[in-house]
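Descriptive analysis of the structure
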Amino acid sequence: MTPHASHGSHAPQVDSAAGAAVKAADRAHVFHSWSAQGLIDPLAVAGAEGAYFWDYDGNRYLDFTSGLVFTNIGYQHPTVVAAIQEQAGKLATFAPAFAIEARSEAARLIAERTPGDLDKIFFTNGGAEAVENAVRMARLHTGRTKVLSAYRSYHGATSTAINLTGDPRRWPSDNGSAGVVRFWAPFLYRSPFHAEAEAEECARALQHLEDTLAFEGPATIAAIILETIPGTAGIMTPPPGYLAGVREICDRYGIVFVLDEVMAGFGRTGKWFAAEHFDVTPDLMTFAKGVNSGYVPLGGVAISAEIAATFETRPYPGGLTYSGHPLACAAAVATIGVMEDEKVVEHAAHIGETVLGPGLRELAERHPSVGQVRGLGAFWALDLVRDRETREPLVPYNASGEANAPMAAFGAACKKNGLWPFINMNRTHAVPACNVTEAEAKEGLAALDVALSVADEHTV
């Protein structure tokens, strides 16, 4: 199977010259994130529809990345495109200090779906700004400074968010904003606690958190922030009881509990929010990405009644020019409507239980490079290893260049077979659109099957 010409209704004709022009302008003027500018070769994309995108040479790829895990309803959904067009014709933009219909309705629909009393919505332009503002709210609400975050985490690239992040992208910009303390969250497959079972991992992780608090001084801690299910760091579903245990610790010490649902929220895990899997309600919840499938930048913080009351008569010292932008909010209203009407959340749960989960586990049985399969809904990761017994990763932590060659070869094999993969360190994530069809999911599994044979060549 090779990348094949798109048959989507919006597929362009092959136009290699146009693709070359797009590529040339990009290379001349676009400064790309997280990249050494002279070492990258970005694909020139001509269009996208549903779960696919294609280049100017007519090669079509099944997108197993959902953009950056945000196109939860796929590309170019006609209902959402029409809603953006209609809003642009009615009121294309307006300042955030006013009450406008699209913003009010988006906030209402989001608040209806968040757990507990998270009924006030502060809108941002994306996930990192949501984290920045959640932490600011927690610090002002408690009068404390320190914030605890996990090592295996990603919370964004703005100043505070990158400092809270656990992965190596933090290192070059980790200027130590006041009071960030990291701890180990549970992850049995690579347990830092030498645990042998989920219950043991949970108990030891909670004790480790208690010990960290004791030595940092609980009365100095404003917040604990966790991704409900860590995304980029590896899709590690927390063991039963862990998040409830963190909730209890926060309650005991008056610490604000922040859940980052930027990646896991809005149907990705087969629930509106991943917190529903664990019956836990945080004090603050950040969101972005799937709230409107990334069609127009939007993020936000869902705020509990207690924290909202802090700013009832005291001004909240934060804001953004485009907070609750009308086009973004109209896209959110339409997206939530599509997810309800087309039962996208239920479908994500179903496709995970019946196709993606079983299919990935079947691949693991046949490919020695797969150390572990984990996930739920449309949110899965394969932990690739050199040795299943020792669990040695297929490439070293934060590998680059020649050290990363096995993962680079795996990625090239995916693309050769019409699949665009999500790769981070020694993992590949299967994170297609939440409304991916059974046939599309099986197409992706077949491409992974071929590519994993390449990864197998690097096992011992």
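My aim in this report is to walk through the structure given alongside it, one point at a time. (Residues numbered from 1 in each chain as written. Predicted model: local features only at pLDDT ≥ 70, side-chain atom pairs only at ≥ 80, totals over all residues. Heavy atoms only, no water.)

1. Concerning the overall build of the protein
The secondary structure content of the protein amounts to 13 helices and 16 strands. At 22 Å, the protein has a C-alpha radius of gyration in line with the 23 Å of a compact globule built from 460 residues. Taken over the C-alpha atoms alone, the protein extends approximately 60 × 60 × 45 Å along its principal axes. A total of 460 residues make up the protein; the buried ones form 55% of that total. Within the protein, residue pairs in contact and separated by at least 24 positions form 72% of the contacts whose partners lie at least 6 positions apart. By element, 54% of the accessible surface of the protein is carried by carbon and sulfur atoms, the whole surface being about 19100 Å². Charged side chains of the protein number 35 positive and 52 negative; the gap between the two group centres comes to 4 Å. (Helix = DSSP H or I, 4+ residues; strand = E, 2+ residues; numbered from the N terminus. Rg over C-alpha atoms; globule rule 2.2 N^0.38 Å. Buried < 20%, exposed > 50% of the residue type's maximum accessible area, 1.4 Å probe, protein only. Contact = heavy atoms within 4.5 Å. Areas by Shrake-Rupley, 256 points an atom, 1.4 Å probe, with all protein chains shown as cover. Lys, Arg positive; Asp, Glu negative; His and termini not counted. Charge placed at Lys NZ, Arg CZ, Asp CG, Glu CD.)

2. As for the environment of N125
One can find N125 in the loop between β4 (120–124) and α5 (127–142). The exposure class of N125 is partly exposed, given its relative accessible area of 26%. Spatially, the C-alpha atom of N125 lies 7.5 Å from that of G300, the residues being 175 residues apart in sequence. When near neighbours in sequence (up to four residues on either side) are disregarded, N125 contacts P297, L298, G299, L320 and Y322.

3. A look at the environment of A197
You can see A197 is positioned in the loop between β6 (180–183) and α7 (198–216). The partly exposed category is assigned to A197, whose relative accessible area is 37%. When the C-alpha atoms of A197 and P239 are compared, they prove to be 9.6 Å apart, with 42 residues separating the residues in sequence.

4. Some remarks on the pattern of salt bridges
Throughout the structure, instances matching the rule amount to 20 salt bridges. Across the pair D383 and R374 runs a salt bridge, and its minimum N-O distance is 3.0 Å. According to the relative accessible area criterion, D383 is buried, its value standing at 1%. Taking relative accessible area as the criterion, R374 reaches 8% and is therefore assigned buried. Within the structure, one salt-bridge network assembled from shared partners comprises E105, R108, E112, R113 and E340. (Salt bridge = Lys/Arg side-chain N within 4 Å of Asp/Glu carboxyl O.)

5. Concerning the sheet that holds strand β9 (residues 284–287)
In a beta sheet, neighbouring strands pair by backbone hydrogen bonds and run either parallel or antiparallel. Spatial strand order, β4-β10-β9-β8-β7-β5-β6: seven strands in an open sheet with mixed pairing. Whereas interior strands pair on both sides, the edge strands pair on one side only; in this sheet they are β4 and β6. Across the sheet, the mean angle from the axis of one strand to that of its neighbour is 20°, orientation sign disregarded. Looking at chain direction, β9 and strand β10 (residues 299–303) are connected through four bridges and run antiparallel. Bridge pairing links F287 to G300 in β10. Most of the contacts of α5 go to β9, to which it runs at about 165°, and overall it touches β4, β5 (146–150), β7 (221–227), β8 (256–260), β9 and β10. Each of β5, β6 and β7 is contacted by α7, which is oriented at about 150° to β6, the strand it contacts most. (Pairing = 2+ DSSP bridges. Axes fitted to C-alpha atoms, helices over the stretch in contact; angles between N-to-C directions.)

6. Looking at the nonpolar core
Nonpolar side chains in soluble globular proteins tend to be buried together. Counting 73 residues, the largest nonpolar core has F123, I224, L226, Y242, V246 and F266 as the members making the most contacts within it. Among the elements that take part in this core, helix α10 (residues 326–341) stands out by supplying ten residues, more than any other. Look past the residues within four positions of F123 in its chain and what remains in contact with it is R103, A106, A107, I110, F287, L298, G299, G300, L320, S323, G324 and C329. (Core = buried A, V, L, I, M, F, W, Y, C linked by side-chain atoms within 4.5 Å.)

7. Points about the environment of D41
Along the polypeptide, D41 turns up in the loop between α1 (16–29) and β1 (45–49). With a relative accessible area of 63%, D41 lands in the exposed category. Taking the C-alpha atoms as reference points, D41 and W171, 130 residues apart in sequence, are found 24 Å from one another. In this structure the side chain of D41 is engaged in a polar contact, spanning 2.6 Å, whose partner is the side chain of K23. (Polar contact = N/O pair within 3.5 Å; in protein donor to acceptor, adjacent residues only side chain to side chain.)

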